[in-house]
Number of protein chains: 2
Amino acid sequence: MTKMNCVSRKKKRLSAEQRYERLLKAATGEFLEKGYAATNLDDIISRAGGSRRSIYTHFGGKEGLFQALVTQVATQILAPVRQEPDKNKNLKESLLCFANRLVAALLSPPALDLSRLALIDGVRFPELAKAYFEAGPGAAASSLAVLFDLAMERGEIVHLDSRLAARLFVGMLRDNLYLQVLLRLREPPEQEEREELVSNAVEIFLNGITRQE
Amino acid sequence: MTKMNCVSRKKKRLSAEQRYERLLKAATGEFLEKGYAATNLDDIISRAGGSRRSIYTHFGGKEGLFQALVTQVATQILAPVRQEPDKNKNLKESLLCFANRLVAALLSPPALDLSRLALIDGVRFPELAKAYFEAGPGAAASSLAVLFDLAMERGEIVHLDSRLAARLFVGMLRDNLYLQVLLRLREPPEQEEREELVSNAVEIFLNGITRQE
DNA sequence: TTGACTTGGTACTGAAGAATACCATAATCG
DNA sequence: CGATTATGGTATTCTTCAGTACCAAGTCAA
């Protein structure tokens, strides 16, 4: 009833592509918010407009719809997580910058929703779990490992397993505060608190791996 | 039909308490394995014996059953996580010991199941999320903070926010490897790999906070 | 303009599962 | 031993929701 102008009662129809996009967008919102099982198609319909049929013609069903967006959304939402560290700065500045961006990205509402989705529905859709990890924490750790390798070559830090160190550092940023936010036990921290976390983490970690003369 | 001996067809009945316990135990298994929504009462019944009615008389329904076990199970499963660190050893030994136990506890199958449960159903049952955090990662960080305070008094480590440091260290142990296991992307690591994680984490972190003379 | 095709909206079907009703029987007590 | 109560087992109801069928109304092409 939303789109008819009162007299002529035209029910506007969208093109296949427009409908496809609107469905995908609505579904993304619903699935991210509530997870696969708790989302019902009617809610998606009412957000996207159109009819039940369109879901089946375009995606083949609930599962098809979910899978169509999973990988795409995962890589998209986690794009900020994957930003390459700046190799020109010195290690401390690179680390600080990298960590700040990573923490902000991980604590952003869409990324939090996606993390929950991956944990909740990763059992039913293993590709989701895989896509999430590889597009997010995995990619972040890989970039970081490169940074550590460089610093090692320059003799700034001690010799160590760079991939292991990267894993640990990324984990450290995903600390108990992050866990509390993920569990909805508290609100995401503001800039100030995020920076306190990051500066302390970088301070300790960097001090821990810096070569002592 | 399981419990009758062929001739006299005696259907053994259990006392209220025994039935209560068996239901609780069966429900724990099912809920931990599959989460709240995916668990159905029939499966619990068939594991525990008895009838649907007994669930309603004892617990009032599915929700009642779930809530009856949630807090109890959380504190029980996470008991190993909460072991007090040994304050007589030096800091490095204490940390190593603490971290080894924590990692082993967090990566144990029941704790992994519980973590998933808290993340999945923490939305519907906030007490679960709260109980999980406080009985697990929160408690671990608290113990650790005490250890850091002691070391600070003894001048072994630099002056820092012990609670923040504890948060970070616990997070570091919950690294990408842990995340992969949680997402079921890989099997829990064996002793050897766990020790590699722990020794590196302790090495870096301790080095990062040790007072330099 | 008209007929073929597509899409929107609604109604129906079937399955899953929670909650409830009912009956027969075991346990308990007078 | 018989009456009362509680429990086990089964059948039934009710709700939710994915998937499908169908009709009407819009769109497009000849």
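Cut-offs applied
- Sequence order as written defines the numbering, with residues in each chain counted from 1.
- Lettering of chains starts at A and numbering of ligands starts at 1, both following the order in which they are written.
- Reporting of local features is limited, given that this is a predicted model, to residues whose pLDDT is at least 70; pairs of side-chain atoms are given and counted only at 80 or more, and all residues count toward the totals for whole chains, interfaces and linings.
- As a convention, hydrogens and water are excluded, and side-chain values are obtained from all of the structure's heavy atoms.
- The fit set for superposing copies consists of C-alpha atoms from residues with pLDDT of at least 70 in both; the fit itself is least squares.
- A contact between two residues is defined here by any heavy atoms of the two lying within 4.5 Å.
- Here a residue is near a molecule or strand as soon as one of its heavy atoms is found within 4 Å of it.
- Polar contacts here mean pairs of N or O atoms no more than 3.5 Å apart (in protein, one a potential hydrogen donor and the other a potential acceptor; neighbouring residues in sequence count only if both atoms are side-chain atoms).
- Only DSSP runs of H or I with at least four residues qualify as helices, and only runs of E with at least two residues qualify as strands; both kinds are numbered from the N terminus onward.
- Under this grouping Gly is polar, as are all residues other than the nonpolar Ala, Val, Leu, Ile, Met, Phe, Trp, Tyr, Cys and Pro and the charged Asp, Glu, Lys and Arg.
- Throughout, the accessible surface (probe 1.4 Å) given up by two parts as they are put together, summed over both, is called the buried area.
- Put simply, a salt bridge is a Lys or Arg side-chain nitrogen that is within 4 Å of an Asp or Glu carboxyl oxygen.
- We call Phe, Tyr and Trp rings a pair once their centres come within 6.5 Å, taking the six-membered ring for Trp, and we label the pair stacked below 30 degrees between planes, edge-to-face above 60, and tilted otherwise.
- We count a charge as sitting over a ring when the NZ of a lysine or the CZ of an arginine lies within 6 Å of the ring centre and within 35 degrees of the ring normal.
- Per the annotation, domain bounds derive from an automatic or database assignment of domains.

Peer 1: Now, about the relation of the copies chain A and chain B: what can you tell me, with residues and values included?
Peer 2: For the pair chain A and chain B, the superposition axis carries a translation of 0.0 Å, the fit reaches an RMSD of 0.1 Å, and the rotation angle comes to 180°. Such a turn and shift between the copies fits a two-fold axis. Counting the interface residues of chain A, we find that 100% of their copies in chain B are interface residues as well, pointing to one common contact surface.

Peer 1: Report on the protein's contact with DNA strand D, specifying residues and quantitative values.
Peer 2: Near DNA strand D you find 19 residues, and of these Arg13(A), Tyr56(A), Arg13(B), Arg19(B) and Ser51(B) are the closest. Sugar plus phosphate, as a fraction of atoms of DNA strand D within 4 Å of the protein: 52%. Measuring from a phosphate oxygen of DNA strand D, one finds a backbone N or O atom of Leu41(A) at 3.0 Å. Tyr56(A) places a polar side-chain atom, nitrogen or oxygen, 3.0 Å from a phosphate oxygen of DNA strand D. Counting residues per element, the ones that place at least two in the surface near DNA strand D are helix H3 (52–59) of chain A together with helix H1 (16–38) and helix H3 (52–59) of chain B. Residue composition of the surface near DNA strand D, by class: 3 nonpolar, 6 polar and 10 charged.

Peer 1: Outline the protein's contact with DNA strand C, listing residues and values.
Peer 2: Taken together, 17 residues lie around DNA strand C, and Arg13(A), Arg19(A), Gly50(A), Arg13(B) and Tyr56(B) are the ones closest in. Atoms of DNA strand C within 4 Å of the protein: sugar and phosphate make up 53%, bases the balance. Taking Gly50(A), its main chain carries an N or O atom lying 2.9 Å from a phosphate oxygen of DNA strand C. For the surface near DNA strand C, the elements supplying multiple residues, two or more each, are H3 of chain A together with H3 of chain B. For the surface near DNA strand C, the residue count by class is 2 nonpolar, 5 polar and 10 charged.

Peer 1: Which residues make up the interface of chain A and chain B, and what values go with them?
Peer 2: Each side of the interface is counted separately: chain A has 38 residues, and chain B has 39 residues. Contact between chain A and chain B buries roughly 3,600 Å² in total, counting both sides, with carbon and sulfur atoms accounting for 69%. Remark: the boundary between chain A and chain B carries 2 salt bridges. Among the salt bridges present, the one from Asp175(B) reaches Arg167(A), with a minimum N-O distance of 2.6 Å. At the boundary of chain A and chain B, one finds 10 residue pairs in polar contact (both at pLDDT 80 or more). For the side of chain A that touches chain B, the elements supplying multiple residues, two or more each, are helix H6 (109–121), helix H7 (126–135), helix H8 (137–153), helix H9 (162–173), helix H10 (176–182) and helix H11 (191–209) of chain A. For the side of chain A that touches chain B, the element with the most residues is H11(A), which contributes 9 residues.

Peer 1: Explain the packing of aromatic side chains to me, and be specific about the residues and the numbers.
Peer 2: All names here are of chain A. This model, assessed by the stated rule, comprises 16 aromatic pairs over all chains. By way of ring pairs, the aromatic residues Phe31, Tyr36, Phe66 and Phe125 are connected into one cluster. The residue whose ring lies beneath Lys62 is Tyr36, and the NZ or CZ to ring-centre distance is 4.5 Å.

Peer 1: Before we move on, can you summarise the pattern of salt bridges with the specific residues and values?
Peer 2: Counted according to the given criterion, the structure contains 24 salt bridges over all chains. Through salt bridges that share partners, Glu30(A), Glu33(A), Lys34(A), Asp43(A) and Arg47(A) make up one connected network.

Peer 1: How would you explain the domain arrangement of chain A if you had to name every residue and give the values?
Peer 2: All names here are of chain A. Once the domains are mapped, chain A shows domain 1 (16–70) and domain 2 (78–209). Measuring from the centre of the C-alpha atoms in domain 1 to the corresponding centre in domain 2 gives 31 Å. Considering only the side of domain 1, the residues that lose the most area to domain 2 are Leu32, Tyr36 and Val70, jointly responsible for 52% of the buried surface there. Our count for the contact surface shared by domain 1 and domain 2 stands at 0 salt bridges. Linking domain 1 with domain 2 are 2 residue pairs in polar contact (both at pLDDT 80 or more). Among the secondary structure elements, those contributing two or more residues to the side of domain 1 that touches domain 2 are helix H1 (16–38) and helix H4 (62–77). Looking at the side of domain 1 that touches domain 2 element by element, the count peaks at 6 residues for H1. In the side of domain 1 that touches domain 2, the residues fall into 6 nonpolar, 2 polar and 2 charged.

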